Amino acid sequence: MRVLVVDDHPGFRKLARLLLTAGGYSVVGEASDGAGALAQAALLRPDVVLLDVLLPGLDGFAVAERLVGLPAQPVVVMVSGRTRAELGRRLDAAPVRGFLPKDQLTLEAFAALTG
């Protein structure tokens, strides 16, 4: 499964890449902001986008809305340092497969959402 990791923190991108590649996923690219996420998704056509909620420019919610319009629509899993309760109804309405708090990103949790 091909994954695009989108987060504005280089340390989290590195951690996610290491975790996912150790679990057999192919991390095909990274982006640090919303515009970069959309460009990379269109170019790389990943199966899954691991998408941070809070990004410079377009936030993760806006990016998720645009990703559903791509011809090869990826599965979107949102992550955040904030809790589900803090993100509220916007998260519930987002066109994503699921949500993981960053401190709960594990191979098992990721696999459960990406099937």
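Structural data are supplied above this passage.
Residues numbered from 1 in each chain as written. Predicted model: local features only at pLDDT ≥ 70, side-chain atom pairs only at ≥ 80, totals over all residues. Heavy atoms only, no water.

## Concerning the overall build of the chain
And step 1. Looking only at helices and strands, one finds five helices and five strands in the chain.
And step 2. Counting across all 115 residues of the chain, residues that qualify as buried make up 45%.
And step 3. For the chain, restricting intrachain contacts to residue pairs at least 6 apart in sequence, the fraction spanning at least 24 positions comes to 60%.
And step 4. On the chain, roughly 5,700 Å² of surface is accessible, and the fraction owed to carbon and sulfur atoms is 53%.
And step 5. Of the charged side chains in the chain, 12 are positive and 12 negative; the average position of the first set lies 4 Å away from that of the second. (Helix = DSSP H or I, 4+ residues; strand = E, 2+ residues; numbered from the N terminus. Buried < 20%, exposed > 50% of the residue type's maximum accessible area, 1.4 Å probe, protein only. Contact = heavy atoms within 4.5 Å. Areas by Shrake-Rupley, 256 points an atom, 1.4 Å probe, with all protein chains shown as cover. Lys, Arg positive; Asp, Glu negative; His and termini not counted. Charge placed at Lys NZ, Arg CZ, Asp CG, Glu CD.)

## As for the pattern of salt bridges
And step 1. Counting across every chain of the model gives six salt bridges.
And step 2. Linking Glu30 and Arg13 is a salt bridge whose minimum nitrogen-to-oxygen distance equals 3.1 Å. Placement of Glu30 in strand S2 (residues 26-31) and of Arg13 in helix H1 (residues 10-22) is noted, with a sequence separation of 17 residues between them.
And step 3. Of the residues examined, Arg13 reaches a relative accessible area of 13% and is grouped as buried.
And step 4. The network of salt bridges with shared partners includes Asp7, Asp52 and Lys102. (Salt bridge = Lys/Arg side-chain N within 4 Å of Asp/Glu carboxyl O.)

## Re the sheet that holds strand S4 (residues 75-80)
And step 1. An order of S2-S1-S3-S4-S5 is seen for the five strands of this open sheet, with the pairing classed as parallel. The open sheet has two free edges, formed respectively by S2 and strand S5 (98-101), since each of these has just one partner strand. Between one strand axis and the next, the sheet turns by 20° as a mean value, whatever way the strands run.
And step 2. Where S4 lies against S5, four bridges are found, and the strand directions are parallel. Bridged to Val79 within S5 is Leu100. (Pairing = 2+ DSSP bridges. Axes fitted to C-alpha atoms, helices over the stretch in contact; angles between N-to-C directions.)

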